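# Descriptive structure summary
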Amino acid sequence: MAFSSSISRYCHPPPSSILCSQEHNHKIFPSHSPFVSLISRSPFYRTGFVSRYGKKWSLQTRVTSSVKAVLLDEYKENVSLPKGDLWSVHKFGGTCVGSSDRIKNVAKIIVDNGSEGKLVVVSAMSKVTDMMYDLINKAQSRDDSYISAADAVFEKHRLTAMDLLDGDELATFLSRLHHDINNLKAMLRAIYIAGHATESFTDFVVGHGELWSAQMLSYVVKKSGLDCKWMDTREVLIVNPTSSNQVDPDFVESERKLEEWFSRNPSKIVIATGFIASTPKNIPTTLKRDGSDFSAAIMGALLKATQVTIWTDVDGVYSADPRKVSEAVILRTLSYQEAWEMSYFGANVLHPRTIIPVMRYDIPIVIRNVFNLSAPGTMICQSSNFENEDGQKLNSPVKGFATIDNVALVNVEGTGMAGVPGTASVIFGAVKDVGANVIMISQASSEHSVCFAVPEKEVNAVAEALQSRFRQALDAGRLSQVAVIPNCSILATVGQKMASTPGVSATLFNALAKANINVRAIAQGCSEYNITVVLKREDCVRALRAVHSRFYLSKTAIAMGIIGPGLIGGTLLDQLRDQAAVLKEEFNIDLRVMGITGSRTMLLSDTGIDLSKWRELLKEKGEVADLEKFTLHVHGNHFIPNTAVVDCTADSSVARCYYDWLQRGIHVITPNKKANSGPLEQYKKLRFLQRQSYTHYFYEATVGAGLPIISTLRGLLETGDKILHIEGIFSGTLSYIFNSFEGARRFSEVVAEAKQAGFTEPDPRDDLSGTDVARKVIILARESGLRLELSDIPVESLVPEPLRASASAEEFMKQLPEFDQDLANRRQEAELAGDVLRYVGVVDVAGKAGRVELRRYRRDHPFAQLSGSDNIIAFTTTRYKEQPLIVRGPGAGAQVTAGGVFSDILRLASYLGAPS
């Protein structure tokens, strides 16, 4: 809408019968006549207006003498403030005008803005309001340094003005600044003498920063050649102070005063002071916290502006605090209600009351970055589209998350509360009397307790007030306690689309549970725009990360610590390196290795180790290994909600840490067999803890390297099948040896060949003893429900009795050929019968027993068909009784074992919310 067009709503056109040509006008009203002189001073003199008949008329149109006085009176009455879409309101905070360069930048933004009418609300320069409050504090503390502090305020503005202004404008501003500072010093002197500053005095003093910044900015805009006026909003905004340290705008009176101000100071660009206003008695006051934003919203409502833009130093409103959630996204839009909820719970959006004035007229608020004009920002309006900063639609019903720290819970509990009217009134009356703010309330329908959250700094006063108010009820036992739970934080989940969307609460609490976070209190209003939970302060950031990730606003992130960077661990790290980018881009999984430790050296990182050079970093920047320090580091990173330790060792001392890790909420993934084949009681405690929590313990690679043996067994049991018998070749080493032990080959020769190829342990006795197979048998037996110890499994060792005490592996290998004949004889007997020898482990579920032995199988048996180091396992169940279920494949080697561990890591990510 044109600026001139809007005047037609306020000025009635003269009837057509008295309108004459421009030429004739000058005959009746010469240019020097008082009426023409008066009209020509109007800002609308050259713009004209559009009549109701659609014609544009000049205000210099000829008028007959009989209507001169009428038109003059009509002009005086109707030259009023135009309102509507031609106006845009902008607010620039203290950071935006923090220096002369920044003020110039703001002026350029104002000049370049295409709106026909612009009202700009400006805060004091950065830190100036704090400096003004400091003046008050020093004066009422009778600290003489208030004088030098006032001089510092003067100097800050003088230097800024010297850089921005020149000529008459500079002289005028410095004169006003000097006059203001002298007046302030006189007032501060009075405060110094009295030792006290009233609220009115304080408001008057601290509001000067806005007066000075508005004047300087208006002069800078004028230098560009545009008409610009500055407004002292104490002359316009009228507010009524309330008892809750807030103010209520008087819109009717403010609108009247704005009309009056505009009639005296017509301009298309107005620079208005933020934060300050006046009471109905014309006493200076302030709009309290976030007052400049509130000023802008009130002005937007008074002008019925097309938009209110809040200029700040961020690109918009984030889905979560980006300092806590690095993957937080900028939201394109928010509804008024969503912004209200998020700002109440501490999000850097707006103060809730800022939204109230603009909601009345459905005026959008846009949050934009003054230092990044290319960013579109966030629009707060009646209804919001679910898009992120890339314009992508968000399917999540949740818009964002906000937190409040330093909160304490107060729990008033007792059977005497149930059904007693007025109990809540007494509780919150006591809280009100001490001036505390209740942030959240939660009460169960049993009425047995009332729980509420207050700022931690106020909780002691609240507790004392409640103890005093309910002393008689506590002594009589009607109330059992007034308990305080300190060190809490509040996490709010906000989204207008949450209303009537089933499963939002379930998803939220599932994410918190999987991050091993306990919720202490819950609140949700019937509007369903907000779900609020109270939790431990130390869990707050981890909880924020977990729920943000769960609602697909960021990747599922896992902080990992790798123990044992040897053959298997090193191979796993290489596999993670090669696959990390694909997992991030295609599967939204962010696996970050925060630590690597061996038995002597460890490497730690706060952001994630660069896996492309982890070996070099471990050598160059490694420190002395300390498993407890390693654990604390990996788990202590609150920026990643999920922690997993991957144990790639065969160390029983590391395995003994699993229980403690799981208790602390650390997921455990391992190919280490020691924990599951160790003492039965330890195994039972481990599994019980796993079942009772959302902390996961995965060990697929303990039995078949990369083969799905554990998962197959669990799948059978969970679907109701009954295991009767498990039999298999579980050792890749022994599979290779007996697959090669044919014809005239000697056993010692085949063992030496396997050792040379890297299939055996450094000491082949570790393989030939059968202990490793026995551990796998005991793991499967326990998974099948048998309660067996490792000592219950009879094992046929392939290490000759005289060689079991050999001093070294070399000594063993040297003497082994002396005992080849025994196994050669057994092979010959088997071959004559058409059989082969295979070293197997057996779980006899029906007989509640297990064993490890060298057995003979027919040449057409599946066990006889193996080649190389393959493993094979046969499950005989009630469903697979006639023909066992067989799992076969490579069962040894670093690549397949590391792959099995990697598979467990991805399974954990899936359980934690990554898309499958």
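Residues numbered from 1 in each chain as written. Predicted model: local features only at pLDDT ≥ 70, side-chain atom pairs only at ≥ 80, totals over all residues. Heavy atoms only, no water.

By the naming in an unreviewed UniProt entry, the chain is Homoserine dehydrogenase, taken from Erythroxylum novogranatense. Reading the Function (unreviewed entry) entry of the UniProt record for the chain gives the comment "Bifunctional aspartate kinase and homoserine dehydrogenase that catalyzes the first and the third steps toward the synthesis of lysine, methionine and threonine from aspartate." The chain has a UniProt comment under Subcellular location (unreviewed entry) that states "Plastid, Chloroplast". (UniProt positions renumbered as here; feature names shortened; annotations may be inferred.)

What follows concerns helix 18 (residues 540-550). In terms of burial, helix 18 is a largely internal element, 11 of the 11 residues being buried. Along helix 18, the residues classified as buried are Cys-540, Val-541, Arg-542, Ala-543, Leu-544, Arg-545, Ala-546, Val-547, His-548, Ser-549 and Arg-550. Tucked inside the fold, the buried residues of helix 18 contact strand 15 (400-413), strand 18 (481-494), helix 17 (504-514), strand 20 (530-536) and strand 21 (556-563). (Buried < 20%, exposed > 50% of the residue type's maximum accessible area, 1.4 Å probe, protein only. Helix = DSSP H or I, 4+ residues; strand = E, 2+ residues; numbered from the N terminus. Contact = heavy atoms within 4.5 Å.)

To continue, consider empty space enclosed by the protein. Going through the model one piece at a time under the given rule, you end up with seven cavities of 30 Å³ or more. The space that makes up the second largest cavity amounts to roughly 90 Å³. Residue composition of the lining of the second largest cavity, grouped by class: five nonpolar, no polar and six charged. (1 Å grid on protein atoms, 1.4 Å probe; cavity = no way out; pocket = protein on both sides within 12 Å on 5 of 7 lines; lining within 4 Å. Points joined across faces, edges and corners; volume = space filled by probe spheres on them. Nonpolar A, V, L, I, M, F, W, Y, C, P; charged D, E, K, R; others polar.)

The strand order across the open sheet formed by six strands is 16-17-15-18-20-19, and the pairing between neighbours is antiparallel. Looking at the sheet topology across the chains shown, the edges are occupied by strand 16 (440-443) and strand 19 (519-524). Adjacent strand axes in the sheet meet at a mean angle of 30° when their direction is disregarded. In the sheet, strand 15 pairs with strand 18 via 11 bridges, with the strands oriented antiparallel. What sits directly across from Ala-402, in strand 18, is Ala-492. Each of strand 15, strand 16 and strand 17 (449-455) touches helix 14 (residues 423-433); the most contacted strand, strand 17, lies at about 15° to it. (Pairing = 2+ DSSP bridges. Axes fitted to C-alpha atoms, helices over the stretch in contact; angles between N-to-C directions.)

Attention now moves to the packing of aromatic side chains. Summed over all chains, the structure comprises 13 aromatic pairs. Aromatic rings pair up to connect Tyr-658, Trp-661, Tyr-697 and Tyr-699 into one cluster. Of note, Arg-360 hangs over the ring of Phe-251, and the distance from its end group to the ring centre comes to 4.6 Å. The lysine or arginine in question, Lys-685, covers the ring of Tyr-659, its NZ or CZ lying 4.7 Å from the ring centre. (Phe/Tyr/Trp six-rings, centres within 6.5 Å; stacked < 30°, edge-to-face > 60°. Lys NZ or Arg CZ within 6 Å of the ring centre and 35° of its normal.)

In any sheet, the strands associate via hydrogen bonds between backbone groups, in a parallel or an antiparallel arrangement. Ordered by their spatial adjacency, seven strands build an open sheet running 24-23-22-21-25-26-27, and the pairing between neighbours is mixed. Of all strands in the sheet, those with a lone pairing partner are strand 24 (623-624) and strand 27 (697-698), marking the two edges. Summarising the sheet, strand 22 (residues 589-597) and strand 23 (residues 601-604) pair through three bridges and their orientation is antiparallel. Directly across from Ile-596, in strand 23, lies its bridge partner Leu-603. Contacting strand 21, strand 22, strand 23, strand 24 and strand 25 (642-647), helix 21 (residues 627-635) runs over the sheet at an angle of about 170° to strand 21.

Further remarks concern the environment of Asn-245. As for its position among the elements, Asn-245 is in the loop between strand 6 (239-241) and strand 7 (247-249). With residues near it in sequence (within four places) discarded, Asn-245 still touches Glu-199 and Lys-288.

Summing up the model confidence of the chain, the mean pLDDT is 85 and the portion of residues at 70 or higher is 88%. Note on residues 1-78: pLDDT is under 50 here. Beyond four places in sequence and across chains, it has 84 contacts. Confidence over residues 389-393 falls short of pLDDT 50; this stretch has 10 contacts with residues more than four positions distant or in other chains. (pLDDT = per-residue confidence, 0-100.)

Before going further, it helps to examine the layout of surface pockets. Estimated volume of the largest pocket: approximately 1300 Å³. Along the walls of the largest pocket sit 48 residues, with Leu-567, Ile-568, Ala-650, Lys-673 and Glu-761 positioned nearest its centre. When residues of the lining of the largest pocket are traced back to their parent elements, those giving at least two are helix 19 (567-587), helix 20 (614-621), helix 26 (701-704), helix 28 (732-740), helix 30 (765-768), helix 31 (771-783) and helix 34 (894-911).

Moving on, we come to the nonpolar core. Of all hydrophobic cores here, the largest spans 67 residues; its most connected members are Tyr-658, Ile-726, Ile-737, Phe-738, Phe-747, Leu-768 and Leu-780. Per-element accounting of this core gives the leading share, seven residues, to helix 31. Setting aside residues up to four positions removed in sequence, Leu-768 forms contacts with Leu-734, Ile-737, Phe-747, Val-751, Ser-797, Leu-798, Val-799, Phe-812 and Tyr-839. One finds Ile-110, Ala-197, Leu-217 and Ile-276 within the second-largest nonpolar core, a separate group that totals 52 residues. (Core = buried A, V, L, I, M, F, W, Y, C linked by side-chain atoms within 4.5 Å.)

Mapped onto the elements, Ser-442 comes out in strand 16. For Ser-442, a relative accessible area of 19% translates into the label buried. Of the polar contacts made by the side chain of Ser-442, one reaches the backbone oxygen of Ile-522; its length is 2.8 Å. (Polar contact = N/O pair within 3.5 Å; in protein donor to acceptor, adjacent residues only side chain to side chain.)

This paragraph deals with the state of the cysteines. On inspection of all chains with the given rule, the structure shows zero disulfides. With no disulfide of its own, Cys-488 lies 8.6 Å from the sulfur of Cys-451, the closest cysteine sulfur. By relative accessible area, which is 0% here, Cys-488 ends up buried. (Disulfide = S-S within 2.5 Å.)

This next bit is on unusual backbone geometry. The backbone of Asn-282 shows a phi angle near 65°, a positive value even though the residue is not glycine. Position of Asn-282 among the secondary structure elements: in the loop between strand 9 (276-278) and strand 10 (284-286). Phi is positive for Asn-588, which is not a glycine, with a value near 55°. Taking the relative accessible area as the measure of exposure, Asn-588 reaches 26% and is therefore partly exposed.

Moving on to the packing of helix 8 (residues 199-206) against helix 9 (residues 208-222). It is the contact of helix 8 with helix 9, at a shortest axis distance of 4 Å, that shows an interaxial angle of 20°. On the basis of their axis angle, the class for helix 8 and helix 9 is roughly parallel. Contact residues: Phe-204, Val-205 and Val-206 in helix 8; His-208, Gly-209 and Glu-210 in helix 9. Split by residue class, the contact of helix 8 with helix 9 holds three nonpolar, two polar and one charged. (Parallel < 35°, antiparallel > 145°, perpendicular 65-115°, else oblique.)

Okay, helix 20 next. Among all positions in helix 20, only Trp-614, Leu-617 and Leu-618 are buried. Viewed along the axis of helix 20, the buried residues span an arc of 100°, placing them on a single side of the element. In helix 20, the exposed positions angled more than 90 degrees off the buried face are occupied by Lys-619 and Glu-620. (Arc of directions from axis to C-beta.)

Okay, the pattern of salt bridges next. Counting across every chain of the model gives 49 salt bridges. We note a salt bridge from Arg-234 to Asp-232, for which the minimum N-O separation is 2.9 Å. The salt bridge involving Asp-660 is made with Arg-664; its shortest N-O contact spans 2.7 Å. Judged by its relative accessible area of 32%, Asp-660 is partly exposed. (Salt bridge = Lys/Arg side-chain N within 4 Å of Asp/Glu carboxyl O.)

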